[in-house]
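Analysis of the macromolecular model
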Amino acid sequence: MIAGGVSELCLLVSDYVQLVGNAQARYGLRASSQLAAVPPPPPQPVFPPTISRSPELKKAAIQAVMPFAEKKPSIELKAGMQEIVRITYMQDPHHFYVRRVRDDAVLSEIEEQLHADLGRLTREVTICVGKMYGVKHEYPWKRGRLDRIDIDEATSQPKYCVTLVDFGVTASVTVDRLCEIPAALSDRPALALRCRLANCEPDGAWHPDDTTLMLRIVDNSPVTLHVRRSGACSECDVTTHAGLSVVHVLRFHARVALLDPSLPYPETASAAPLRLQPADTTLRKTGGADVIITHVVSPDKFYVRETRLQEDYVKLCEELNNTYDVRDESDLIFLPKEGSVCVALVGSETGTPWARAQVLSARAASAVRVWLPDTGRQLAVPWRRLRAARPRFTALRALAIECHLAGISPVGGRWHESAGELLAQRSGRTLRLLAQDSRRRSLGAALLDPAGRVCLNGELLAKQLATADGSIDFEALTAEYDSTEKEPIPQSPVNSENATCKNYKTMARSYQDEFQPGSKETLRLEAKILLCESPSLIYISLVHQQKTFNELFEDIQKFYSKRKTPRRERWKVNDRCCAFCMQSQTWRRATILKTEKDQVIVFFTDFAQTETVSISNLKKLHTDFEMIGDAAIKCHLAGLVPADGEWPSITKEFLKDKLEEYKRVFVTKVGEFEDKSMPIQLWVYHTELGSALEPNESEWRCLNAELASRGLAIDTRRIEGAASGQDDELRFLNVRGSVKEWLLPPLPGSTSSDDIAEWLPAEPLQAVEFTALPTYIDNDGIIYLHDVSQEDDLEFIRDTLEMAFKEEDPKAPYCSWRVRDLCVARYYLDSKFYRGTVLEVNHDQANCLVQYVDYGNSELCAFTDLRKRVALHQIPIQSHKVSLARIKPVGEQWDQTVLDYIHKAIVEKKCFVKVAAPPVNGVTPVDLKYDKLWINDHLVEFDLAEYIDGSKPIERKFKMKSKHATSTTEKNKRTDTEPKIIEINSSSEPDYIVEEDINSSQTSGSPDSFKISTLVDQNGSASEQGSSNLVSYLRHEDREFSCSIPVINDTNSLELMIIQDSESHVIYEALLDIVKEVGKDMPPLDGIYEYKPCIALFEDHWYRASILKYSEAKNLVKVHYVDYGNIGIVPLSDVREISKDWVCLPPACITARLHGVRVNPDFDPDDVTKAYIDTFLDKGPFRATIVDYVDYDNSVPLVELRNTDGELVYKKLIEEKVLLHDTRDGAASEENLAK
């Protein structure tokens, strides 16, 4: 028995015994006689402990053996080391595992050996914490270390928690997923190394999006690891193969903050960034060229593009538009670098072209500042609209030339707006530019308008918008140009010898014969898909017509750029015209869809695009340009209909994916036009790649048949081939006025709810501070608001939807709805239609929960109040999502009462908004102010919210001085010990935080320097030295006095103006006169602390005051004018030191609280303020009695106010429940009264 089990016994011993310093020990059996000394047997047999099978077992019993030593990597990470690694597992940026790329071969060797040994390894597992096993959990067999044993509460079975040492992944498995492995595998070092990003900390806890962003940056590719500090968890910098520092990318996206921004980061070798050559300025030497103005900043800075490059620009835009797609994020730029060349989506509407761009600044991910080198425009775009530029798009140099009008300068040193407008009006026209001089980057130019025979430089002089410097004679320049201009302007482009138009009647006939089919086979014409909304709405252009239309487009540009054509005074819907496209900066044939005052909505009939243009950019379409049909042909897939009347999203997505999959698409016309749309079959040429010994197989595939075979559409008839009439089949190649007859869409900007995945997101906020109108607050405290400047857009949306959906829809009750469907929904309060998104569907009740996207609120809408057809989807969502910055709810979530209070306070009221931080997950943190009330701090003051950093709204840190503390000159001297700057109680004024600066040691005596000394000890009590040297106003000794209330700062306290007798009044007036006269000669502030006496400027006069708050960042001080009660915020330079002789008189106004009552929190603050005004303001006189003092330093008196009849002045407020009894004040404390 022993002989047969020697190998198993040795293997078992090898698993239990590990000799220090000898990892390759071998074991065998020896007879007793062969041993030098045999130890005596134990007195009793020794048995290993057994694991209890009791169901009450909460912890697994583990054999009492020494834990196995953790396998360290063969070469540990050392500070300063640089390695190429792969990230194998990531919990967050401060907890992830990497494996060296050079260890990939070692890992493959381990896995191969483990796989080879699986067949002969024992399945009887001996459990021991710290031991290495073979583990199988959602992976092939890997090495894993047993960390602990837990008990599954559901099954009472042990679960074994293991770490896959070569990956860093943890897993919980059952015992059948473990197997013993030999020492040759278990003794090999672990390959996974634990790391964390160095020099960064998140704002709070790590969010899963932070981990997702880092993984997207790495993109499963090897990265360079720079070790800054080694240890069990090494602190490292991670740099991608593209040279991106991960920590800097996270900081750019506002996910982390750098602990030491000045810390240098190592540079890694990366591909040289693409550069764009500057614009060709050879016209500086040649003297002039025909140009088009592309962008105007002012007459001192505008951009032009030569007309000879217009065709290059159009081709570039089309190629960019065909290459890039906003849905394809493979070329995303995670960290734009200043000066780098990229491609940017310059607008949010569907079909807006991409443009080449150069990054000017990238300080925030929400707004990257870029410059468009082909037009000269500068704009801010979100980082998600930027894509890496491919090398072929940088071969063409910049097309926009920066210029300035030479020989003139603005009147008064600054250009008037009308001067820039004069240049902007010439945009789109061909002008003659004569080079005069040049600056460093700007070309001095004289611009001549051939249409009006005028020089724009001279026109500005004539309109007294500029003055001449005498260097250029503009009249002689214009006369010289007129004499050299020999070509007359023809009245008709066809009859003139130099006409740019061709005879398109002949051209239309020529290509009909060229493409006549030579056999009875199905005629397939190659087409380009311009627009694919659904199988029932497709726009195509025929490839073989491309050359013809390119010549047409070129002639259109020449004709309308160089010649002054007559303009029509009135335009109406369906009129054909030539419109200047602002996106492509070219003239295009178009049809008018809608007129709106001085603007029209046009459909570009050769490109299947819609745009709003100014009426001034419309010109009459010459008859010669109408001889050939439009390039864009409206089509539908013949023989296919949707199952339920509307095409589902899956069918549209499948069709679009197929069209993107194949580069070449062919069409066949089958039958007659139906509802102004051509029935077609869509064909693709599919090739199946064969093996090494088999040829490739190719075939024609019809997408119509494929949609029907997959059940995505219903085939109404079997299509064998093309229609029999070849004349009808080819007639569509020369449809005259096709858009006018059959290309018009059913409703401009309208489509089905399934046509688009979601509404366009709201555009980024354009300003840091603005006035907004909140419309809704949800249960998470997210506020929906819009800038008041968007009111016109919202009104336009309302009016348009009302016009489009005013008629009842009999099909509405039978429409099917799904979650996330887009819709137009009627709002029950005003019965008007608004844009919305379906959140929930209740088929039993026949209604949906719809969120009105432009306002944020959600309501139940019956099916009869919903419309499938989506209108105005090109307009972004108008509401912005914001949250109140710096605060959080009291508890885990916002209380409904608090949300109702906020709703009542701000919704549908104009509020001032100040952006506090970049958006996080689409929500922008802001400070919100209504009237004079800052909502964020107001909620904290009323215990309705808490500050995120844990700070309190009221926290005083020193004691007010008594009369005896300031009686002598010696006690009023300032010491070198400086007060600790603390946050001071705020009212409804803006949040000016006094910032701590404990380590400051400034000793300069300049007005802007301050001595900051310690005022508060660690326990928060005033120190002996500080309390004996600080100056303060004397406190009133009278416990009863007559008063009035001149101002109400907030509802928690009252300002009591003491009514003085005649003698006291004379003393106070004399003191105030002295302060006003001598105040300007007092020195600047020498130290700042709460309630420090000072003098402050108010309407050109100095008055006594005390400091409430100080903002070092804004250099503003919040002061309380102690003799009048009002509060003001003034610059630091308007606050001075006060003379010690001016604090001997107590303040004429006392800040006090009402005794025994408090404000009812259920009342609106505006209502409470109004009640206070009616009860206290400028009423009286009142008889005030100080009952007690509050605060630890007895600085705030509690008073009762009575009228001449002895009744409480605020008795009515108590009866109306505006004020509630507050038992916390209690009876007057004898001790406090003694004080």
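Please read all numbers here as calculations on a predicted model, not as lab measurements. (Residues numbered from 1 in each chain as written. Predicted model: local features only at pLDDT ≥ 70, side-chain atom pairs only at ≥ 80, totals over all residues. Heavy atoms only, no water.)

On to the overall build of the protein. Helices and strands together make up the secondary structure of the protein, namely 24 helices and 65 strands. Going through the 1235 residues of the protein one by one, you find that 47% of them count as buried. A separation of at least 24 residues holds for 67% of the contacts in the protein among residues at least 6 apart in sequence. (Helix = DSSP H or I, 4+ residues; strand = E, 2+ residues; numbered from the N terminus. Buried < 20%, exposed > 50% of the residue type's maximum accessible area, 1.4 Å probe, protein only. Contact = heavy atoms within 4.5 Å.)

This part takes up the environment of K1114. By the element assignment, K1114 lies in the loop between β57 (1101-1111) and β58 (1116-1120). Between the C-alpha atoms of K1114 and L1132, which are 18 residues apart in sequence, the distance is 9.3 Å.

Attention shifts here to the nonpolar core. Among the nonpolar cores identified, the biggest contains 46 residues, and F96, V98, L197, L225, V368, V370 and L386 are the most heavily contacted of them. Of all the elements, helix α5 (residues 246-252) adds the most residues to this core, at five residues. Apart from residues lying up to four places away in sequence, L386 is in contact with D331, L332, I333, P336, C342, V343, A344, V368, V370 and V381. Judged by nonpolar contacts, the second largest core, of 43 residues, contains Y324, I408, W415 and A445. (Core = buried A, V, L, I, M, F, W, Y, C linked by side-chain atoms within 4.5 Å.)

With respect to the helices and strands, the residue E653 is situated in helix α13 (residues 649-661). Placed 120 residues apart in sequence, E653 and E533 show a C-alpha to C-alpha distance of 9.6 Å.

What follows deals with the sheet that holds strand β32 (residues 618-620). Taking strand neighbours across the sheet as the criterion, the five strands line up as β31-β30-β29-β28-β32 in an open arrangement whose pairing is antiparallel. Edge positions in the open sheet fall to β31 (609-614) and β32, since each of these has one partner strand only. Strand-to-strand twist in this sheet, taken as the mean axis angle between neighbours without regard to direction, amounts to 45°. Bridging between strand β28 (residues 576-581) and β32 involves three bridges; their strand directions are antiparallel. The residue of β32 that forms the bridge with A579 is L618. (Pairing = 2+ DSSP bridges. Axes fitted to C-alpha atoms, helices over the stretch in contact; angles between N-to-C directions.)

Quick look at the packing of aromatic side chains now. Remark: the centre distance and the inter-plane angle together describe each pair of aromatic rings, the angle taken between the planes. Overall, the coordinates contain 30 aromatic pairs when judged by the stated rule. For the ring pair Y827 and Y828, a centre distance of 5.2 Å and an interplane angle of 65° mean the geometry is edge-to-face. Counting every residue linked through ring pairs, the aromatic cluster contains F559, Y560, F580, W587 and F625. The positively charged end of R228 is found above the aromatic ring belonging to Y265, 4.7 Å away from the centroid. (Phe/Tyr/Trp six-rings, centres within 6.5 Å; stacked < 30°, edge-to-face > 60°. Lys NZ or Arg CZ within 6 Å of the ring centre and 35° of its normal.)

Right, let's get into the pairing of strand β11 (residues 234-239). Strand residues, when the strand is regular, have side chains that alternate between the two faces of the sheet. Of all six residues that make up β11, five are buried, and the element is covered over most of its length. Inspection of the sheet shows strand β8 (residues 193-197) paired to β11 by three bridges, in the parallel sense. From the neighbouring strand, L197 faces β11, where its bridge partner is C236. Pairing between strand β10 (residues 223-229) and β11: five bridges, direction antiparallel. Each residue of the ladder has a partner; that of H226, found in β11, is D237. Hairpin connection, β10 to β11: the antiparallel pair is bridged by four residues.

With that out of the way, let us pick up the side chain of R99. Here R99 shows up in strand β2 (residues 95-100). Only 3.1 Å separates the side chain of R99 from the backbone oxygen of D166, close enough to count as a polar contact. Not counting residues within four places of it along the chain, the set of residues in contact with R99 comprises V85, R86, T88, D104, L107, D166, F167 and L191. (Polar contact = N/O pair within 3.5 Å; in protein donor to acceptor, adjacent residues only side chain to side chain.)

Here the focus is the sheet that holds strand β54 (residues 1040-1044). The strand order around the closed barrel built from five strands is β54-β55-β61-β64-β63, with neighbouring strands paired in mixed fashion. Taken over all neighbouring pairs, the strand axes of this sheet differ in orientation by 60° on average, direction set aside. As judged from the four bridges shared by strand β55 (residues 1054-1058) and strand β61 (residues 1149-1154), these two strands associate in the antiparallel manner. If you follow M1057 over to β61, its bridge partner there is C1149.

This paragraph deals with the pattern of salt bridges. Going through the model one piece at a time under the given rule, you end up with 53 salt bridges. Here R826 ties to E808 by a salt bridge, and the two come within 3.2 Å at their closest N and O atoms. With R826 in strand β42 (residues 822-826) and E808 in the loop between α17 (791-804) and β42, the pair connects residues that are 18 residues apart, well separated along the chain. Judged by its relative accessible area of 15%, R826 falls in the buried class. When the shortest N-O distance is used, the salt bridge between D865 and R826 registers 2.5 Å. Remark: R826 occurs in strand β42 and D865 occurs in the loop between β45 (858-862) and β46 (866-867); sequence separation between them is 39 residues. Taking relative accessible area as the criterion, D865 reaches 21% and is therefore assigned partly exposed. Salt bridges linked by common partners bring R426, R429, D449, E459 and K463 together as one network. (Salt bridge = Lys/Arg side-chain N within 4 Å of Asp/Glu carboxyl O.)

Taking burial as the measure, the six residues of β2 include six buried ones, the bulk of the element. Of the two faces of β2, the one lined by H95, Y97 and R99 and the one lined by F96, V98 and R100 are each fully buried. Two strands pair when backbone bridges link them, and strand β1 (residues 82-92) and β2 are joined in this way by six bridges, in the antiparallel orientation. Bridge pairing in β2 links I87 to V98. Remark: two residues form the turn of the hairpin made by β1 and β2, two consecutive strands paired antiparallel. Pairing of β2 with β8 involves three bridges; the strand directions are antiparallel. By the bridge assignment, Y97 is partnered in β8 with R194.

Moving on: unusual backbone geometry. You will see that S156, though not glycine, has its phi angle at about 60°, which is positive. Tracing the backbone through its elements, the reader meets S156 in the loop between β4 (142-151) and β5 (158-164). The class for S156 is partly exposed, based on a relative accessible area of 32%. The backbone of Q585 shows a phi angle near 55°, a positive value even though the residue is not glycine. Locating Q585 in the fold gives a position in the loop between β28 and β29 (586-596). Under the relative-accessibility criterion, Q585 is labelled buried at 7%.

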